[in-house]
Amino acid sequence: MKVTFFKTFIAACMLSSTSVVAQDFELTFQSVDPAGNPNFAIQQAWTERVKLMSGGRLSIELLPVGSVVEYNETQDAVGNGILDGHITDVSYFSGKDPAFGLIANPIGAWAAPDEMFRFINYGGGYELMNALEGPYGLHFIGATTTGLEGFVSKRPLDGVDDLKGLKVRAPEGLIQEVFAAAGAVPVNLPYSEVYTALDKGVIDAADSTVFSTNHQQGLHKVAEHPVYPGFHSMPLVEVSMNLDKWNALPSDLQEILTVSVRDFAQDAVAILSMNDLKTYAEATADPNITVHNWSAEERAKFRRIAMDQWAKVAARSDNAQNVYETLTSYLDSQGMLK
């Protein structure tokens, strides 16, 4: 009798354990990018890899921008469980805390994606992001980026002085303030409205995305004076999810997500960089497009303007001050503040 009970108990435990291991998790993420955009295709490839790496136990449905909520509402939607996660530019939440704008796009800090990734993964950025997002009910899984973005303009731009009076689309937060300090007139528009706004003259230029994607979306047809390589922006694109749902995941699936995002980041940078180089060759062969490349001196001028704004943003909240101190300490330790 006792033996039978013991065998039954062991069998039940094994069945329970197997059920936990084999449990499926289905998540819904919303992207900041539209379907058909190269960024969205790279993100979809990431979701497929996650499913493969997890043996099918974890699947992510990726929705294009605006599918459930607007592009700047995903943080609330994820925190409240309306969405399970998002892939988006952290700058969009600067209105909640200026710290988001400072960590999302510290203009002038990064000259290459690897510099940003080292700070995020090993220099304190990961901990900063989770400290910022935890109170909103999110867990920061990891960072990716488009790389150094191109800049589209209807007017010739060869340096900082040419920015004066320029009506430029720029995301919320620090980047708008940097452009304003440089004499431009920032305009807040979603990415989806950039083409129409340029075509109708609502704006003269746009901080949009990388050169190749801008070209594919037809922006160089209505803004024939792009600047490449870009001088202004390399956004922190976060992959984050609902904190409670993160905590409910087994540790191995958490690790799969964390590691896969780092791989995804390298894919995004490599693929978009290759696209940029190919597209640059095509654009320079088009007599209707004039590509401008700022000199090192003009890039340094813009960086000095940007760095002056860091401290001003830092003074606006305790979180922003913490980001500022962590960021500048890291940059100083790496000899990157010069």
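That block above? That's the structure.
Since the model is a prediction, treat every value here as computed from it, not as a measurement. (Residues numbered from 1 in each chain as written. Predicted model: local features only at pLDDT ≥ 70, side-chain atom pairs only at ≥ 80, totals over all residues. Heavy atoms only, no water.)

S.K.: Please provide a residue-by-residue account of the environment of Asp-207, values included.
M.R.: Here Asp-207 lies in the loop between strand 8 (205-206) and helix 9 (211-216). We classify Asp-207 as buried; its relative accessible area is 1%. Separated by 58 residues in sequence, Asp-207 and Glu-149 place their C-alpha atoms 7.7 Å apart. Apart from residues lying up to four places away in sequence, Asp-207 is in contact with Glu-149, Phe-151, Val-168, Arg-169, Ala-170, Pro-171, Ile-175, Phe-179, His-232 and Ser-233. Within the structure, the side chain of Asp-207 is placed 3.1 Å from the side chain of His-232, a separation counted as a polar contact. (Helix = DSSP H or I, 4+ residues; strand = E, 2+ residues; numbered from the N terminus. Buried < 20%, exposed > 50% of the residue type's maximum accessible area, 1.4 Å probe, protein only. Contact = heavy atoms within 4.5 Å. Polar contact = N/O pair within 3.5 Å; in protein donor to acceptor, adjacent residues only side chain to side chain.)

S.K.: Quick rundown of helix 13 (residues 296-314)? Include the residues and the values.
M.R.: Its 19 residues place the ends of helix 13 27 Å apart at the C-alpha level, agreeing with the 27 Å of an ideal helix rising 1.5 Å per residue. For helix 13, the set of buried residues is Glu-298, Phe-302, Arg-303, Ile-305, Ala-306, Gln-309, Trp-310, Val-313 and Ala-314. On the buried face of helix 13, the contacting elements are helix 4 (98-104), helix 7 (174-181) and helix 14 (318-333). (Expected span 1.5 Å × (residues − 1).)

S.K.: Residue-level account of the packing of aromatic side chains, with values.
M.R.: Applying the stated criterion across every chain, the model contains 18 aromatic pairs. Measuring from centroid to centroid gives 4.7 Å for Tyr-71 and Tyr-92, while their planes differ by 80°, and the two rings are edge-to-face. Highlighted residues: Tyr-71 in the loop between strand 2 (58-63) and helix 3 (74-79) and Tyr-92 in the loop between strand 3 (85-89) and helix 4, separated in sequence by 21 residues. The two residues Tyr-71 and Tyr-92 agree in class, both being buried. Ring geometry for Tyr-228 against Tyr-280: centres 5.3 Å apart, planes inclined by 35°, an arrangement best described as tilted. One end of the pair, Tyr-228, is in the loop between helix 10 (219-222) and strand 9 (237-242); the other, Tyr-280, is in helix 12 (residues 251-284), with 52 residues separating them in the sequence. (Phe/Tyr/Trp six-rings, centres within 6.5 Å; stacked < 30°, edge-to-face > 60°.)

S.K.: If you had to explain the layout of surface pockets to someone new, which residues and values would you point to?
M.R.: Here the largest pocket is characterised by a volume of approximately 450 Å³. Along its surface, the largest pocket is lined by 35 residues, and Val-32, Asp-33, Asn-39, Tyr-92 and Tyr-191 are the ones closest to its centre. Breaking the lining of the largest pocket down by element, the ones donating at least two residues are helix 2 (38-53), strand 3 and helix 12. The residue makeup of the lining of the largest pocket, split by class, is 16 nonpolar, 13 polar and six charged. In this structure, the second largest pocket encloses a volume near 370 Å³. Every residue lining the second largest pocket is counted, 20 residues in all, and those nearest its centre are Gly-108, Trp-110, Ala-111, Phe-231 and Arg-303. With four residues, the single largest contributor to the lining of the second largest pocket is helix 13. Among the residues making up the lining of the second largest pocket, the classes are represented as 11 nonpolar, five polar and four charged. (1 Å grid on protein atoms, 1.4 Å probe; cavity = no way out; pocket = protein on both sides within 12 Å on 5 of 7 lines; lining within 4 Å. Points joined across faces, edges and corners; volume = space filled by probe spheres on them. Nonpolar A, V, L, I, M, F, W, Y, C, P; charged D, E, K, R; others polar.)

S.K.: So what about unusual backbone geometry? Which residues, and what values?
M.R.: Following Tyr-228, the chain continues into Pro-229 via a peptide bond in cis, with omega recorded as -10°. Looking at the element boundaries, Pro-229 is found in the loop between helix 10 and strand 9.

S.K.: Account for the environment of Ala-170, with residues named and values stated.
M.R.: Relative to the elements of secondary structure, Ala-170 occurs in the loop between strand 6 (167-169) and helix 7. Owing to a relative accessible area of 0%, Ala-170 belongs among the buried residues under this scheme. Expressed as a C-alpha distance, the spacing of Ala-170 and Leu-189, which sit 19 residues apart in the sequence, is 7.2 Å. If near-sequence neighbours (up to four positions away) are discounted, Ala-170 is found in contact with Ile-175, Gln-176, Phe-179, Val-187, Asn-188 and Asp-207.

S.K.: Go over the packing of helix 2 against helix 12, please, and point to the residues and values.
M.R.: Close contact between helix 2 and helix 12 brings their axes to 10 Å; oriented N to C, the two are set at 150°. Of the possible angle classes, the one that applies to helix 2 and helix 12 is roughly antiparallel. At the point where helix 2 passes helix 12, the crossing takes the right-handed sense. Each of Pro-38, Asn-39, Ile-42, Gln-43, Trp-46, Arg-49, Val-50 and Met-53 in helix 2 lies in contact with helix 12, whose residues at this interface are Ile-256, Leu-257, Ser-260, Val-261, Asp-263, Phe-264, Asp-267, Ala-268, Ile-271 and Leu-272. For the contact of helix 2 with helix 12, the per-class residue count stands at 12 nonpolar, three polar and three charged. (Axes fitted to C-alpha atoms, helices over the stretch in contact; angles between N-to-C directions. Parallel < 35°, antiparallel > 145°, perpendicular 65-115°, else oblique. Left-handed = near helix turned anticlockwise from the far one by under 90°.)

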